[in-house]
Amino acid sequence: MTLRSDSAGPRRPEQPHHAQRQPTRWLRVGIPALLVLVWLVGGSIGGPYFGKVDQVSTNDQSTYLPSSAEATKVQERLADFTGGDTLPAVVVVTGDGQLTESQIADLRTLSADLADVDGVSGDVSPPVISDDGKAAQLFVPLDAKGDIGDIVAGLRTALDADLPSGTTAWITGPAGFTADLVKGFLGIDGLLLGVALIAVFLILVVVYRSPLLPILVLLTSSFALCVALLTVWWLAKAGIVVLNGQVQGILFILVIGAATDYALLYVARFREAVGEGKRRWDATVSAWRGAFEPILASGGTVIAGLLCLLLSDLATNRALGPIASIGIAFSVLAALTFLPALLALIGRAAFWPFIPKRPLAMIPDDLTQPVKGLWPRQARFIARRSRPIWIVCLIVLIAAAAGVLQLKADGVPSSDLVLGHSEARDGQKVLGDHFAAGSGSPVYVLVAEDDVAAVVTAMSDNDGISGVAAASADSVTGQATVKIQDGAPVYSAPGAPGQAAPKPTVSDGDVLLIGTLTDAADSAAAETVVRDLRTTLHDTVGGSALVGGVTATDIDSNDTSIRDRTLIIPIVLAVIFIILMLLLRAVLAPLLLILSVIVSFGAALGVSALVFDHVFQFPGADPAVPLYGFVFLVALGVDYNIFLMSRVREESLVHGTRPGILRGLVATGGVITSAGLVLAATFAALGVIPILFLAQIAFIVAFGVLLDTFVVRSLLVPAAAYDIGRAIWWPSKLWRAGVEVDEGRTRRHEPESTPREPGRSVT
C-alpha cells in the first residue's frame, strides 16, 4: 500500500521543556490572575447596561433610510406641518350593531380623556363614524420621541376604563404596529439570553462530560458580551450607530456563539497539550500558540465580512456591521486572554472527572492498519473514496439549492412582522371592514404651493386614494379637505356655519397633502398605488413633489435593501477570498473553500425557502434576510474552514499533503462539530422572539451551520482537497517543494520539469 503526499520537509524538533526558559512562579500565577481581574471589572461595569438598552434603541423604520430617500425627506418635514414630531395611533371602536347616540356621545368624552394620557401630543380627533354606522375611529397623535410601547399601554388602560358599554376597541395604525414590535422584543434581554446559554451549557456538558469546563467557556462568552454591550451602548448614546431590537438580538447571539466557538478551539488545543503530559504553564503556552493564528484569522475574517455592511444605504445594516464587529473583536479577545488565564489557573482540573491522559488519536500513514474512533474512521473512509464522496455531496447541495427559486424575499407587510397575536393587525382588519383600509397610515405628498392643483388632481384620479386633504392649522382636526374647482384648490373643514374656510399650512413655500389609501398601507396594492403616484407626479410636476408615509417608507426600505444585497454579497466573497489567500498562502485552496461556502449557503437558503413556504407558511421574507443569512453563514462558515485548513497546513508541513488532510480532519473534527452544534443552538434561540425576520434568520443560519458542520467541513472539503492532493497549495512553496510518502520511506520530489507518475490517493 502506497500513500502519496507532499511536504516542505520535517520541522526542526522542539527544544525539551527543561531547555526552554520558564517564567517565575509569580509570573505564571500573576499574569493570568491580572487578566481575570481585568475581565471581571469590565464585566461588572457592562453587566448593568443590559437593562439600559431601551434608552438608546429605536424601532422607527424611517430612521433606517438614507437621507436621499423620498420618504426620509418627507419625514424630516412633517413636524413643520403637524406642529410636532408625532406618530399616529388609530383607535377603532365597534359595537354589537350600529352605534347608538349614547355610545357616540360617550366616545366624544373618551376623545377628550385620551388627550390627557401621558405621551399623547396634541388634540385627539372627535370620533369619525363609518358609513355603515357600526364603527368609529379616533386619531391619537403620540410623541414620536417617547416610549411608544408605554404610551400605547397607557391608551389601552384608558380605553379599558372609559370605553362605552357594549363596545370593543383596538389600537392600530403606525403607533399600534410599533408597540407590537416593542412587545415582541421584550424577551430579548432575559428569555433570548437564557435559552441560548442553557442550550450551550447542555451541549458542552454532553461533549466534554465535565461540569466545570462549560462554566468557564460560558463565562468567557458572557464577559465578552458584557464588554461589547458596554461599548455599543455608548456609541449608540453618542449617535454614532443606530441600535434597534433586531441588531441587539443578533449582537447577543453572535457574541455568545462566536466567543464559544473560539473558546472551544482553544480548549481543544489545551486538551491536546494536557493529553501529551505537558505541565499547566507549558500547556497554556502551547495551546495559545496553536490557537492564536486560527482564532485571530477567523475573527478577522468575520469582522471583514461584517464591515462590508458599511456599504449599505440602510442605517440598520450599516449599524450592524460595526456593532457586530465589536462583538466579534471582544469574542476573540476573551478567547485569547480570559479563557487562557482561567485554564492557566485551574489547569487539567477543568476537565474533571475525565481528565485527558493520552495524546490525540491519529490515523496511521498505513491505511490498512486498524483505526479507532469516529474521526479516524471517517478519515480513512475519505482516503479510500474521496472522489465519490465530494461528487455526491456536491450533487446533493446543488439539488437543495434549487429551492432558492421559491424564495420570496421582496418584502412583507408590516402587519405580518410580529408572529402570533397582534392587536394592531386585528385592528387593521376591523378598520378595513368599515373604513378605507389605509385610514391612519396615509400617503403624504410634499408639494410646492403653486403645484397643489395639479397634484390634487393626480391624487384624486388615482383609484387607490379615497380622499385628499391638506395639513391645516386652522382646522380642529389638523386637516382640511381639498377639492379642485375651476382649476384652483378649495379647502373645507368641519366647523360652525359661516366659519371662514381654513387655509393650508405653508412651510418654505410647500404644502403637505394627505391622501387616504383605499387599501391597507402595508399591502401590495397600496405599494402599487404609491409607485404609480410617484411616476405620475414626476411626469406632472417633475421632482418638486415628494411622496412619503408608511407605504413609501416600506418601498424605499425594500428597494434599498435589494440594492444592498446585490452590491455587498460579491464584495464579501472577494474580501474573504483575499484573506484566505493570505492565510493559506495559496490560491487553489481558498478558491475551493469559497466555492464550498457558496454551495453550502445556496443549499441552506433553498431548503429554508421550502420550509418557509410549505411548513411555516410565512407570507414572505424581508429583502435583507438573504443578505444577513449570507454574511453570517459565509463569514462563520469560513471560520470552520480556517479551523480545518490551518491545521491541515500545519500537519502537511510535517507529514505531507494527503496525510496532513487526514490528520487535520481527525484533529479538528471534534471541535468543529462541537462548535457547529453550539453556534446552531445559539442562532436557533432567536426563534423564541416572535419577530418574523429573526425567526427566518434563526432557521437559515442554524440549518446552514449544521449543514456546514456535518457535510461541507466533514466530507466535501476534505474529500475534494484529498482528491486534488498537493496541487491544493498552488502556487505556494508547499506545492513546489513536497515530499512523497511511500510505505514509510520519504524522498523529495524532483523539480516540476521532471516527468513523474501521477500520484494516486491509495494504491
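A brief report on the enclosed structure follows. (Residues numbered from 1 in each chain as written. Predicted model: local features only at pLDDT ≥ 70, side-chain atom pairs only at ≥ 80, totals over all residues. Heavy atoms only, no water.)

Notes on the overall build of the protein
- Broken down by element type, the protein carries 21 helices and 13 strands.
- Counting only residues that meet the buried cut, the protein has 54% of its 763 residues in that class.
- A sequence separation of at least 24 residues applies to 80% of the contacts in the protein between residues at least 6 apart.
- In the structure as shown, the protein presents an accessible area of about 31,600 Å², 59% of it carried by carbon and sulfur atoms. (Helix = DSSP H or I, 4+ residues; strand = E, 2+ residues; numbered from the N terminus. Buried < 20%, exposed > 50% of the residue type's maximum accessible area, 1.4 Å probe, protein only. Contact = heavy atoms within 4.5 Å. Areas by Shrake-Rupley, 256 points an atom, 1.4 Å probe, with all protein chains shown as cover.)

What about the nonpolar core?
- Residues Tyr262, Leu306, Leu343, Tyr628, Phe632 and Phe683 are the most contacted members of the largest nonpolar core, which totals 165 residues.
- Residues contacting Tyr628, with those up to four places away along its chain left out, are Gln246, Ile250, Thr316, Asn317, Leu320, Phe693 and Ile697.
- Among the nonpolar cores identified, the runner-up in size contains 29 residues, and Val482, Leu513, Leu537 and Val547 belong to it. (Core = buried A, V, L, I, M, F, W, Y, C linked by side-chain atoms within 4.5 Å.)

With respect to helix H7 (residues 213-237)
- Over its 25 residues, H7 runs 36 Å from end to end, which matches the ideal 36 Å to within 8%, given 1.5 Å per residue.
- Within H7, 18 of the 25 residues are buried, leaving the element largely enclosed by the surrounding structure.
- Where H7 terminates, the next one or two residues include Gly239, which has phi positive at roughly 80 degrees. (Expected span 1.5 Å × (residues − 1).)

Re a nonpolar patch on the surface
- Nonpolar side chains collect at one region of the surface, where Leu34, Leu37, Val38, Val41 and Ile45 lie side by side and expose about 450 Å² of accessible area between them.
- Assignment of secondary structure puts Leu34 in helix H1 (residues 25-46). (Patch = residues over 30% accessible without salt bridge, like charges linked within 9 Å, V, L, I, M, F, W, Y side chains within 5 Å. Salt bridge = Lys/Arg side-chain N within 4 Å of Asp/Glu carboxyl O.)

So, the packing of aromatic side chains
- A full pass over the atoms with the stated rule returns 19 aromatic pairs.
- Considering the side-chain rings of Tyr49 and Trp234, the 6.3 Å spacing of their centres and the 55 degrees angle between planes classify their relative orientation as tilted. Linking Tyr49 in the loop between H1 and helix H2 (70-82) with Trp234 in helix H7, this pair joins segments that are 185 residues apart in sequence.
- Exposure remark for Tyr49: the relative accessible area of 11% places this residue in the buried category.
- Here Trp234 falls in the partly exposed class, since its relative accessible area comes to 45%. (Phe/Tyr/Trp six-rings, centres within 6.5 Å; stacked < 30°, edge-to-face > 60°.)

A closer look at the pairing of strand S5 (residues 443-448)
- With respect to burial, S5 is a largely interior element, five of its six residues being buried.
- Here six bridges tie S5 to strand S10 (residues 510-517), and the two strands are oriented antiparallel to one another. Within the sheet, the bridge partner assigned to Val443 lies in S10 and is Gly515.
- For S5 and strand S11 (residues 546-549), the ladder comprises four bridges, and the chain directions are antiparallel. In the sheet register, Tyr444 faces S11, and the bridge partner there is Gly548. (Pairing = 2+ DSSP bridges.)

Quick notes on unusual backbone geometry
- At the junction of Trp352 and Pro353, the peptide bond is cis and its omega measures out at 10 degrees in the coordinates.
- In this fold, Pro353 is placed in the loop between helix H10 (315-346) and helix H11 (374-384).
- Even without a glycine there, the phi angle at Arg585 is positive, about 55 degrees.
- Secondary-structure assignment places Arg585 in the loop between helix H16 (550-584) and helix H17 (588-614).
- Since its relative accessible area comes to 45%, Arg585 is described here as partly exposed.
- Backbone geometry at Gln617 places phi at a positive 55 degrees, although glycine is not the residue there.
- Inspection of the secondary structure assignment puts Gln617 in the loop between H17 and helix H18 (624-655).
- Taking relative accessible area as the criterion, Gln617 reaches 61% and is therefore assigned exposed.

Let's talk about the environment of Asp106
- With respect to the secondary-structure elements, Asp106 resides in helix H3 (residues 101-114).
- Among the residues examined, Asp106 registers a relative accessible area of 35% and is labelled partly exposed.
- Along the chain, Asp106 and Pro164 lie 58 residues apart, while their C-alpha atoms are 6.0 Å from each other.

Observations concerning H18
- If you check H18, its first and last C-alpha atoms are 45 Å apart, about what 32 residues at 1.5 Å a residue would give, namely 46 Å.
- When you tally the buried positions in H18, you get 29 out of 32 residues, the bulk of the element.

What about the sheet that holds strand S1 (residues 86-95)?
- Overall, antiparallel pairing links the four strands, which are arranged S2-S3-S1-S4 in an open sheet. The strands lining the two open edges of the sheet, one partner per strand, are strand S2 (128-129) and strand S4 (167-172).
- Relative to strand S3 (residues 135-143), S2 runs antiparallel, the two sharing two bridges. Across the sheet, the residue bridging to Ile129 is Ala136, located in S3.
- Here H3 sits on the sheet in contact with S1, S2, S3 and S4, set at roughly 5 degrees to S3. (Axes fitted to C-alpha atoms, helices over the stretch in contact; angles between N-to-C directions.)

Here we look at the side chain of Gln696
- Tracing the chain through its elements places Gln696 in helix H20 (residues 692-724).
- For Gln696, the contacting residues outside a window of four places in its chain are Phe612, Phe618, Gly620, Ala621, Asp622 and Val625.

Some words on the pattern of salt bridges
- Across all of its chains, the model carries 18 salt bridges by this definition.
- Of the charged contacts, one joins Arg534 and Glu70 as a salt bridge, the two residues approaching to 3.5 Å between their closest N and O atoms. Pair noted here: Arg534 is in helix H15 (residues 524-541) and Glu70 is in helix H2, with a separation of 464 residues, a long-range link.
- A salt bridge links Arg563 to Asp313, with the shortest nitrogen-to-oxygen separation between them at 3.5 Å. Taken together, the residues Arg563 in helix H16 and Asp313 in the loop between helix H9 (280-307) and H10 connect sequence positions 250 residues apart.
- The partly exposed category is assigned to Asp313, whose relative accessible area is 30%.
- Several salt bridges converge on common partners, so that one network encompasses Glu70, Arg534 and Asp556.

Re the environment of Leu694
- Residue placement: Leu694 occurs in helix H20.
- In the structure, Leu694 is positioned 11 residues away from Phe683 in sequence and 9.2 Å away in space, judged by C-alpha atoms.

A short note on the packing of helix H6 (residues 191-208) against helix H8 (residues 245-275)
- In the contact formed by H6 and H8, the axes pass within 10 Å of each other and the chain directions differ by 15 degrees. Accordingly, the angle class assigned to the pair H6 and H8 is roughly parallel. As for how H6 packs across H8, the hand of that crossing is right-handed. Contact with H6, carried on its side by Leu192, Leu193, Ala196, Leu197, Val200, Leu204 and Tyr208, involves Gly249, Phe252, Ile253, Ile256, Thr260, Leu264, Val267 and Arg271 of H8 and no other residues of that element.
- Looking at the contact of H6 with H8, its residues break down into 12 nonpolar, two polar and one charged. (Parallel < 35°, antiparallel > 145°, perpendicular 65-115°, else oblique. Left-handed = near helix turned anticlockwise from the far one by under 90°. Nonpolar A, V, L, I, M, F, W, Y, C, P; charged D, E, K, R; others polar.)

Some remarks on the side chain of Ser312
- Note on placement: Ser312 falls in the loop between H9 and H10.
- Classification of Ser312 by relative accessible area gives buried; the value is 2%.
- A polar contact of 3.3 Å, which involves the side chain of Ser312, links it to the side chain of Asn317.
- Leaving out residues up to four positions away in the same chain, Ser312 has contacts with Asn317, Arg318, Arg563, Asp564 and Ile568. (Polar contact = N/O pair within 3.5 Å; in protein donor to acceptor, adjacent residues only side chain to side chain.)

What to know about the packing of H9 against H18
- Following both chains from N to C, one finds H9 and H18 inclined at 160 degrees, their axes separated by 9 Å at the closest point. With respect to their mutual orientation, H9 and H18 come out roughly antiparallel. In this structure, H9 meets H18 at a crossing whose hand is right-handed. Packed against H9, whose contacting residues are Pro294, Ala297, Ser298, Gly299, Thr301, Val302, Gly305 and Leu306, the element H18 presents Val631, Phe632, Ala635, Leu636, Val638, Asp639, Ile642, Phe643 and Ser646 at the interface.
- Of the residues in the contact of H9 with H18, the class split is 11 nonpolar, five polar and one charged.

A look at the environment of Ala667
- Counting through the fold element by element, Ala667 comes out in helix H19 (residues 657-684).
- Relative accessible area serves as the criterion here: at 13%, Ala667 is assigned to the buried category.

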